[in-house]
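One letter stands for each residue in the lines below.
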Amino acid sequence: MCEFYQEALAEAKAAYAGHEVPVGAVVVWQGQIIGRGQNSMERRQDPSAHAEVLAIQEAAKNRGSWRLTGCTLYVTLEPCLMCAALIRKSRIGKVVIGAIEPHEGALGSALTVNDLPPRSQHVETTWLYDPASEALLKQFFKELRASHDHDL
């Protein structure tokens with residue numbers, strides 16, 4: 001597995017340790033990580049605090065531009081529509097995805113943001129089908145359901 005994807009997976013594991021949905025992301029430009037993010041919705045009480053959003057914000061700040069042309073985003077779970085739209089808006093051209101999100105994924109599973117105008121802003125997608133990312137997500141939701149069962 002690529003070193004950059006491993007960094008995204010480390011972010012997902014950190015989110016898991018913080019009782020967040022374990023999703024991590026990194027933005028890479030010219031062989032360097034310029035942005036990192038992990039889901040932080042619970043900690044921040046912010047519905048937009050997705051791993052991709054936070055990684056893109058940091059990358060834009062570090063690059064000094066919201067235009068992230070030439071960057072690649074590595075993310076452990078397929079981005080939702082909000083994140084996929086932000087990926088396109090920020091001009092990220094390639095996304096490497098660890099696991100499919102069949103309910104809300106917007107880069108090919110539930111829908112694809114590439115079908116929306118402007119079609120000139122196509123996002124290239126590479127699927128890794130990473131079992132480690134899938135296992136981390138399954139374990140998180142299993143534990144979450146068990147804790148809710150105990151609360152009843």
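The structure reproduced in this document is the subject of the present report. (Residues numbered from 1 in each chain as written. Predicted model: local features only at pLDDT ≥ 70, side-chain atom pairs only at ≥ 80, totals over all residues. Heavy atoms only, no water.)

1. Details of helix H1 (residues 3–17)
Inference 1: Here H1 spans 21 Å end to end across 15 residues, near enough to the 21 Å set by a 1.5 Å rise per residue.
Inference 2: Positive phi shows up at His19, right after H1, with a value of about 65°. (Helix = DSSP H or I, 4+ residues; strand = E, 2+ residues; numbered from the N terminus. Expected span 1.5 Å × (residues − 1).)

2. Things to note about the sheet that holds strand S1 (residues 24–29)
Inference 1: Reading across from one edge, S2-S1-S3-S4-S5 is the order of the 5 strands in this open sheet, with mixed pairing throughout. Because the sheet does not close on itself, it has two edges, and the strands there are strand S2 (32–38) and strand S5 (124–127). Here the strands of the sheet are splayed against their neighbours by 20° on average, with no regard to which way each runs. (Pairing = 2+ DSSP bridges. Axes fitted to C-alpha atoms, helices over the stretch in contact; angles between N-to-C directions.)

3. So, the packing of helix H3 (residues 51–63) against helix H4 (residues 81–89)
Inference 1: The interhelical angle for the contact between H3 and H4, taken along N-to-C directions, is 25°, at an axis separation of 9 Å. Judged on the interaxial angle alone, H4 and H3 are roughly parallel. When the axes of H3 and H4 are compared, the crossing they make is left-handed. Touching Glu52, Val53 and Ile56 of H3 are Met82, Cys83, Leu86 and Ile87, all from H4.
Inference 2: Within the contact of H3 with H4, the residues separate by chemical class into 6 nonpolar, no polar and 1 charged. (Parallel < 35°, antiparallel > 145°, perpendicular 65-115°, else oblique. Left-handed = near helix turned anticlockwise from the far one by under 90°. Contact = heavy atoms within 4.5 Å. Nonpolar A, V, L, I, M, F, W, Y, C, P; charged D, E, K, R; others polar.)

4. With respect to the pattern of salt bridges
Inference 1: Enumeration according to the criterion identifies 2 salt bridges in this entry.
Inference 2: In this structure, Arg36 engages Glu7 in a salt bridge whose closest nitrogen and oxygen atoms are separated by 2.8 Å. Linking Arg36 in strand S2 with Glu7 in helix H1, this pair joins segments that are 29 residues apart in sequence.
Inference 3: Note on Arg36: relative accessible area 30%, which makes it partly exposed.
Inference 4: Residue Arg36 pairs with Glu11 through a salt bridge whose shortest N-O separation is 3.3 Å. With a gap of 25 residues between them, Arg36 in strand S2 and Glu11 in helix H1 connect regions that are remote in the sequence.
Inference 5: Among the charged side chains, a salt-bridge network with shared partners connects Glu7, Glu11 and Arg36. (Salt bridge = Lys/Arg side-chain N within 4 Å of Asp/Glu carboxyl O. Buried < 20%, exposed > 50% of the residue type's maximum accessible area, 1.4 Å probe, protein only.)

5. A few points about a nonpolar patch on the surface
Inference 1: There is a patch of nonpolar side chains on the surface, built from Leu81, Leu111 and Leu116 and spanning about 230 Å² of accessible area.
Inference 2: Topologically, Leu116 is positioned in the loop between strand S4 (94–99) and S5.
Inference 3: The exposure class assigned to Leu116 is partly exposed, which follows from its relative accessible area of 38%. (Patch = residues over 30% accessible without salt bridge, like charges linked within 9 Å, V, L, I, M, F, W, Y side chains within 5 Å. Areas by Shrake-Rupley, 256 points an atom, 1.4 Å probe, with all protein chains shown as cover.)

6. Describing the nonpolar core
Inference 1: Core analysis: the biggest nonpolar cluster contains 24 residues, and Val27, Leu73, Val75, Ile87, Ile92, Val95 and Leu107 have the highest contact counts within it.
Inference 2: Of all the secondary structure elements, the ones that give two or more residues to this core are S1, H3, strand S3 (72–77), H4 and S4.
Inference 3: At 4 residues, H3 tops the list of elements feeding residues into this core.
Inference 4: Not counting chain neighbours up to four residues away, the residues in contact with Leu107 comprise Glu78, Pro79, Ala84, Val95, Ile97, Thr112, Val113, Val123, Thr125 and Trp127.
Inference 5: Listed in part, the 8 residues of the second largest apolar core include Phe4, Tyr5, Ala8 and Val26. (Core = buried A, V, L, I, M, F, W, Y, C linked by side-chain atoms within 4.5 Å.)

7. Re the pairing of S3
Inference 1: Burial runs high along S3: 6 of the 6 residues are buried.
Inference 2: Where S1 and S3 come together, 4 bridges link them in antiparallel fashion. Looking at S3, one finds that Val28 is bridged to Thr72.
Inference 3: When S3 meets S4, the two strands line up parallel, connected through 5 bridges. Considered in S4, the bridge of Leu77 is made with Ala99.

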